[in-house]
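# Survey of secondary and tertiary structure
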Amino acid sequence: MAQKTLITGYPRIGGNRELKKALESYWAGEIPLDELKKTAFALRKTHWLFQKEAGIDFISVNDFSYYDAMLDTCVMLGAIPQRFRSIKDADERYFAMARGNAASLAMSMTKWFNTNYHYIVPELDDGLVFKADSSKILSEYKEARELGIEGKINIIGPLTFLGLSKTAGDPYDYFDEALGAYIQVLRDIAAHAQGALIQFDEPIFVRDPSPKQLDLLKKAYAALTAVSGKLRILVTTYFEHSNEATAVLGGLPVWGIGLDFVHGARNIEGLRAVAGKRLIAGLVDGRNIWVNDAEKSLALLEDIGRFVPAEDIVISTSCSLLHAPYSLEKEGGSPLVQWLAFAQEKVRELVFIAKAFAGPKTPEISEWLRANKALIAARKSSPLITDPDTAKRTASFGAGVSREGTFAERNAVQKKAFALPELPTTTIGSFPQTSQLRALRRDVKAKRITEEAYEAGIKRVIDECIAFQEEVGLDVLVHGEPERNDMVEYFGEMLKGFHFTNNAWVQSYGSRCVKPPIIYGDVSRPYPMTVKWIAYAQSKTAKIMKGMLTGPVTILNWSFVRDDIPRSAVARQIAVSLYDEVVDLQAVGIRIVQVDEAAFKEGYPLRKENVAAYENWAVDAFRLAVSGAKKDTQIHTHMCYSDFSDSIHTIEKMDADVITIETARSGNRLLAVFQERGYANEIGPGVYDIHSPRIPDKKEFIEQIKSRLEVLAKDKIWVNPDCGLKTRKWEEVKPALKNMVEAARTFRR
Ligand code: GLN
Ligand code: ZN
């Protein structure tokens, strides 16, 4: 018997980001909607046929989206926020919800669990009447059928949909109405696609579920299976174990349960409940890029086989391949490319693992297994990945390193030495990235201009940036980061152990894609990374120039990370590299260094049981990175959010002298936690919302600062924007910062 295979979901953006390009051309009015739709269909077709030809049994339909699957689910359920209900044209309304229009703000976006993919947050408001719309599902199902594919229909399940929604009260208050719409969708499908397999994604259950959620899970799938008729229902989770949900689903007549055994090893503990159902075993990592270790996967399958008979096991990806790049085709000659598997390669791996598990072993399979084993062994022992010096150096730091002096001691020294005014003003680092600036960086990369010409160009931008900051009277200056394309890539390109791909794009949201670096080996810093620019900038002003680094945890969380050593060990290696940079900056006279940890929170585990361990090593890595700072070197950190209710104790332990955060929109609501906690160090609560082109006037800044003073002591507050100004225009930034500085001054008098 051939072992069956299933792909949880497939990337939709296209091998050459065709969907991104088509969407953006359509939005710019350059192509008509029809052409966008044609491109979208061509992509679906290519992706389906690729999976079919590879031999996949269960191929997804409705994993395609023009923007996001949660947004599609809103449409499927008729959950249209009030402000968009009057738009009659469905396509126009869809993109208005995603991106806003002249009259209305877009729906908000947030990260999908612990990935860097952002989904559209459903809004359940008054007057909402759920109403099923199965048209997208049915039309994509039909398209696939015409290509000879009986698609597995992907739908985000009711518990996850509601659980991630925004509403005034408890989103599960909408349970009955939402369920009614889901039932209608099943009926619509049953009418057109008898016997279809429906995959309900319920990843919400990988976060410690409440008794109420489990109770509703039972209600929902009891009701859905009761009306499903010949349809087969599969409930899938990913990114962690979901044993509580597995236990509940075990008692219901669902056809199958899909579990992630890569990021949820503990799923094996709950398998008894799966007896009598299909187990969709997620073995090929959908969110990392390393070749699967077939021997390990087969051993895991043997383990699983103790609970579920082999004929009921379907071999699968750990989650949707949406989180993996498309294909290795364009990656060229680097020796590491053979260690990698992107979406297309993962599909093929899956088929091989299934064949190898089902046996008997043909020569083709034996050869594949042998080659895989050799490759895995070669990677482990490759001189490319291990660097004895790095190991020695990292070990020499020991555990729990910290810098000189307590906060109180450091603060006293710094206050005296810096003599900054009350409510000192600063910015978060980057200034507007103009098209000229991007062209400059592109030109030097393509060798169209010399290094010297490039350097002169960057220095001119730094000069202008400093001149402006002095003119408006900011207190602590920045160089503006003109030499940086991206806050992680910039450092990764100079550190050893990082690989940059040509085409490993992954969808981040809508049409936006990111190309995370791959950390394949031991990380070290061969030479200083920022000292030249920061020292130059400091030489141009008598004011204090802030050094600007990206922190170890953020570099880690925004990369594909090697899987042969713990993430904590990689974080330490990055931290040592940053340690050297901090020491070098200090040596050339830089007195404030900001170490950004924009992505600190993203790395949080989904299960509470793992949180303490993460916090420990993440805080340790940050502290190690700044541990070379002397008492009179002030360390700032920056985080791109303001909800610290669950992590304030961690922020305290990081012990930065100053933390800048994002509060212009949320105001004091989230800031109060610092007050309640009696947080001792200094804080720069953002007073300028940099995500909007709006230019706040002086009065508005005064209000913002006044309200911060209600919860924080005057001698602890800094005045700054929410985040870097990279995406803004100079025309916006100039007047806004001028108003900000003037507002701060009115409080000093
Ligand atoms: N220093 C960075 C900048 O200003 C910080 C960006 C971020 O936090 N995302 O661009
Ligand atoms: Zn930020």
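Throughout what follows, the structure given in this document is the object of discussion. (Residues numbered from 1 in each chain as written. Chains lettered and ligands numbered in written order. Predicted model: local features only at pLDDT ≥ 70, side-chain atom pairs only at ≥ 80, totals over all residues. Heavy atoms only, no water.)

## Considering the overall build of the protein chain
The line we're drawing: Every helix listed is a DSSP run of H or I at least four residues long, and every strand listed is a run of E at least two residues long, numbered separately from the N terminus. With C-alpha atoms as the basis for the radius of gyration, the globule rule is written as 2.2 Å multiplied by the number of residues raised to the power 0.38. For the exposure calls, accessible area comes from a 1.4 Å probe over protein chains only, and a residue counts as buried if that area is under 20% of its type's maximum, exposed if over 50%, partly exposed in between. By the counting rule applied here, Lys and Arg register as positive and Asp and Glu as negative, while His and the ends of each chain are not counted. Charged groups are reduced to one reference atom each: NZ for lysine, CZ for arginine, CG for aspartic acid, CD for glutamic acid.
What the protein chain contains, in helices and strands, is 25 helices and 23 strands. A globule of 749 residues ought to have a C-alpha radius of gyration of about 27 Å, and the protein chain, at 27 Å, matches this closely. With 749 residues in all, the protein chain has 59% of them scored as buried. Counting 97 positive and 97 negative side-chain charges, the protein chain places the averaged centre of each group 1 Å from the other.

## Remarks on the packing of aromatic side chains
Note the following rule: Stacked, tilted and edge-to-face pairs are distinguished by plane angle, under 30 degrees for stacked and over 60 for edge-to-face with tilted covering the rest, among Phe, Tyr and Trp rings (Trp via its six-membered ring) whose centres lie within 6.5 Å.
Per the stated rule, a full pass over the model turns up 30 aromatic pairs. Centroid distance Y454 to W533: 6.5 Å. Interplanar angle 85°. Geometry classified as edge-to-face. Taken as a pair, Y454 in helix α16 (residues 451–472) and W533 in helix α18 (residues 531–539) lie far apart in primary sequence, 79 residues in all. For Y454, a relative accessible area of 9% puts it in the buried group. The class of W533 is buried, set by a relative accessible area of 5%. Taking the centre distance of 5.6 Å and the plane angle of 80° together, the rings of F468 and W730 count as edge-to-face. With F468 in helix α16 and W730 in helix α25 (residues 730–748), the pair connects residues that are 262 residues apart, well separated along the chain. Judged by its relative accessible area of 5%, F468 falls in the buried class. Ring pairing ties together the aromatic residues Y26, W27, F64, Y66, Y67, Y94 and F95, which thus form one cluster.

## Thoughts on unusual backbone geometry
What is expected of a backbone is that most residues other than glycine have negative phi and most peptide bonds are trans. Not every positive phi belongs to a glycine, and A419 is a case in point at roughly 45°. Tracing the backbone through its elements, the reader meets A419 in the loop between α14 (407–418) and α15 (435–445). One non-glycine residue, D655, lies in positive phi territory at about 60°. In this structure, D655 sits in the loop between α22 (648–654) and β22 (658–661).

## Here we look at the environment of D68
Put simply, the rule is: For this analysis, residues touch if any pair of their heavy atoms sits within 4.5 Å. The term polar contact refers here to a pair of N or O atoms within 3.5 Å; inside protein, the definition further demands a hydrogen-donor-capable atom paired with an acceptor-capable atom, and it admits residues adjacent in sequence only when both atoms are side-chain atoms.
Note on placement: D68 falls in the loop between β2 (60–61) and α3 (69–77). It is 6.1 Å that separates the C-alpha atoms of D68 and Y119, two residues lying 51 residues apart in sequence. Beyond its immediate sequence surroundings of up to four residues, D68 is in contact with R12, Y94, Y117, H118, Y119 and I120. Engagement of the side chain of D68 in a polar contact is seen with the backbone nitrogen of I120, the distance being 2.9 Å.

## Description of the site of ligand 1
So the rule is basically this: Only heavy atoms are used to decide nearness, and a residue is near a molecule or strand if one of them lies within 4 Å of it. Throughout, the Shrake-Rupley method with a 1.4 Å probe supplies accessible areas, and for residues the shown protein chains are the sole cover considered. Here the term charged refers only to Asp, Glu, Lys and Arg, the term nonpolar to Ala, Val, Leu, Ile, Met, Phe, Trp, Tyr, Cys and Pro, and the term polar to all other amino acids, Gly among them.
Close contacts around ligand 1 come from I428, G429, S430, E481, M487, M548, D596, A598, H638, C640, C723 and G724, and that covers them all. Backbone polar atom of I428 to a nitrogen atom of ligand 1: 3.1 Å apart, as the coordinates give it. A distance of 3.1 Å separates an oxygen atom of ligand 1 from a polar atom in the side chain of H638. For ligand 1, the protein covers 90% of the area, taking 300 Å² as the surface of the free molecule. Considered class by class, the residues forming the shell around ligand 1 number six nonpolar, four polar and two charged.

## Section: the sheet that holds strand β17 (residues 518–524)
How we decide: Strands pair, by our definition, only if DSSP identifies at least two bridges between them. Axes, fitted as lines to C-alpha atoms, cover a helix only where it is in contact. Angles between the N-to-C directions of the axes lie from 0 to 180 degrees.
Pairing is mixed across the open sheet formed by three strands, whose spatial order is β14-β17-β19. Two strands close off the open sheet at either side, each with one partner strand: β14 (496–499) and β19 (560–561). On top of the sheet, helix α20 (residues 567–587) reaches β17 and β19; it is set at about 50° to β17, its chief contact.

## Focus on the pattern of salt bridges
This is how it is decided: Any carboxyl oxygen of Asp or Glu that lies within 4 Å of a side-chain nitrogen of Lys or Arg is treated as forming a salt bridge with it.
Applying the stated criterion across every chain, the model contains 45 salt bridges. Where E24 meets K20, a salt bridge forms, and the shortest distance between an N and an O atom there is 3.2 Å. Here E24 pairs with K20, and both are found in helix α1 (residues 18–27), just four residues apart, close to one helical turn. Measuring nitrogen to oxygen at the nearest pair gives 3.4 Å for the salt bridge that ties D208 to R607. Taken together, the residues D208 in the loop between β8 (197–201) and α8 (211–227) and R607 in the loop between β20 (592–596) and α21 (611–626) connect sequence positions 399 residues apart. Ionic contacts of the salt-bridge type, sharing partners, join the residues R379, D522, R562, D563 and D564 into one network.

## Thoughts on the coordination of the zinc ion (ligand 2)
Four donors placed tetrahedrally about a metal ideally form angles of 109.5 degrees, and six donors placed octahedrally ideally form angles of 90 or 180 degrees. The criterion, for reference: Metal-coordinating donors are taken as N, O and S atoms lying within 2.8 Å of the metal, or within 3.2 Å when the metal is Na, K or Ca; because water is left out, some sites can appear incomplete. In this scheme the shape depends on donor count and angles: four donors with every angle between 85 and 135 degrees give tetrahedral, four or six donors with opposite pairs above 155 degrees and others between 65 and 115 give square planar or octahedral in turn, and any other case is irregular.
Those donors, H638 (NE2), C640 (SG) and C723 (SG), are the protein atoms that reach the zinc ion (ligand 2), and they lie 2.0 to 2.2 Å from it. Given four donor atoms and angles of 79 to 122° at the metal, the environment of the zinc ion (ligand 2) is assigned as irregular. Note on H638: relative accessible area 2%, which makes it buried. Residue C640 is classed as partly exposed on the basis of its relative accessible area, which comes to 28%.

## Some details on the packing of helix α2 (residues 33–54) against helix α5 (residues 135–146)
Quick reminder of the rule: Angles below 35 degrees are treated as roughly parallel, those above 145 as roughly antiparallel, those between 65 and 115 as roughly perpendicular, and all remaining angles as oblique. Handedness of a crossing is defined here by the sense of rotation of the near helix relative to the far one, left-handed for an anticlockwise turn of less than a right angle and right-handed for a clockwise turn.
Their axes nearest at 11 Å, the elements α2 and α5 cross at an angle of 55°. For the element pair α2 / α5, the angle class is oblique. α2 and α5 meet at a crossing whose hand is right-handed. On α5, the residues touching F41, R44 and W48 of α2 are E140, E143 and A144.

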